[in-house]
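# Architecture and fold: a report
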Amino acid sequence: RGRHQTPWHLDGQHNFTIQLQGHKLWTVCPSGIRNPMTNLHPHSVNKDTLRTNLSIHRCYTPGNLNPPDGFDYSNQITYTLRPGSVAYVPAGWWHKVEALDPNEDS
């Protein structure tokens, strides 16, 4: 099955993650969006939801709506969560996750 990855996205709520098992590589990056109105998953296969979320962000949240793939990497933070680790990702921050152990979900 291989290692699972969750591509760049941002959430409208603050996130606390507790790693129970396995190891995950997290990369986070500020977006400049403060108090986001909703989540944004640019790589979503649900195009209707993506269009709705983009419309909301374009109207109400100034900031860059493009994931950081082609941007300056100097403001990205990368860390590995191990069993028992806790991480906090502020609302509106871009983040992506990769399971480092085979057959683990991200």
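What this report covers is the structure whose coordinates are included nearby.

Calculation criteria
- Residues numbered from 1 in each chain as written.
- Predicted model: local features only at pLDDT ≥ 70, side-chain atom pairs only at ≥ 80, totals over all residues.
- Heavy atoms only, no water.
- Helix = DSSP H or I, 4+ residues; strand = E, 2+ residues; numbered from the N terminus.
- Buried < 20%, exposed > 50% of the residue type's maximum accessible area, 1.4 Å probe, protein only.
- Contact = heavy atoms within 4.5 Å.
- Areas by Shrake-Rupley, 256 points an atom, 1.4 Å probe, with all protein chains shown as cover.
- Salt bridge = Lys/Arg side-chain N within 4 Å of Asp/Glu carboxyl O.
- Pairing = 2+ DSSP bridges.
- Patch = residues over 30% accessible without salt bridge, like charges linked within 9 Å, V, L, I, M, F, W, Y side chains within 5 Å.
- Axes fitted to C-alpha atoms, helices over the stretch in contact; angles between N-to-C directions.

## Quick word on the overall build of the chain
Looking only at helices and strands, the chain has one helix and six strands in total. For the chain, the N- to C-terminal ordering of α and β elements is β-β-β-α-β-β-β. Scored against the burial criterion, the 106 residues of the chain give a buried share of 37%. Sequence separation of 24 or more characterises 83% of the internal contacts of the chain that already satisfy a separation of 6 or more. Total accessible area on the chain is roughly 6500 Å²; 52% of this is exposed by carbon and sulfur atoms.

## Things to note about the environment of Pro83
Mapping Pro83 onto the fold places it in the loop between β4 (77–81) and β5 (86–89). In this structure, the C-alpha to C-alpha distance between Pro83 and Lys24, residues 59 residues apart in sequence, is 9.4 Å. With sequence-adjacent residues up to four places away left out, Pro83 is seen in contact with Gln19, Leu20, Gln21, Gly22 and His23.

## Re the pattern of salt bridges
As enumerated under the stated definition, the model contains one salt bridge in all. Taking the shortest distance from any N to any O, the salt bridge between Asp48 and Arg51 comes out at 2.5 Å. Of the two residues, Asp48 and Arg51 both sit in helix α1 (residues 47–60), three residues apart, roughly one turn of that helix. Residue Asp48 is classed as exposed on the basis of its relative accessible area, which comes to 52%.

## Let's talk about the pairing of strand β3 (residues 24–29)
When a strand is regular, its side chains alternate between the sheet's two faces. Among the six residues in β3, five count as buried, and that is most of the element. The pairing of β3 with β4 spans five bridges and is classified as antiparallel. Opposite Leu25, over in β4, you have Thr80 as the bridge partner. With six bridges connecting them, β3 and strand β6 (residues 94–99) associate as antiparallel partners. Residue pairing across strands places Cys29 opposite Trp94, the latter belonging to β6.

## Looking at a nonpolar patch on the surface
Together, Phe16, Ile18, Leu20, Val86 and Tyr88 make up an exposed nonpolar region whose accessible area comes to about 610 Å². At the level of elements, β2 (15–18) and β5 are the ones that each hand at least two residues to the nonpolar patch. Along the chain, Ile18 turns up in strand β2.

## Some details on the sheet that holds β6
With antiparallel pairing, the four strands of this open sheet are ordered in space as β1-β6-β3-β4. The open sheet has two free edges, formed respectively by β1 (5–10) and β4, since each of these has just one partner strand. Each adjacent strand pair in this sheet contributes to an overall mean axis angle of 15°, direction not counted.

Interpretation in functional terms is not warranted from these geometric data alone.
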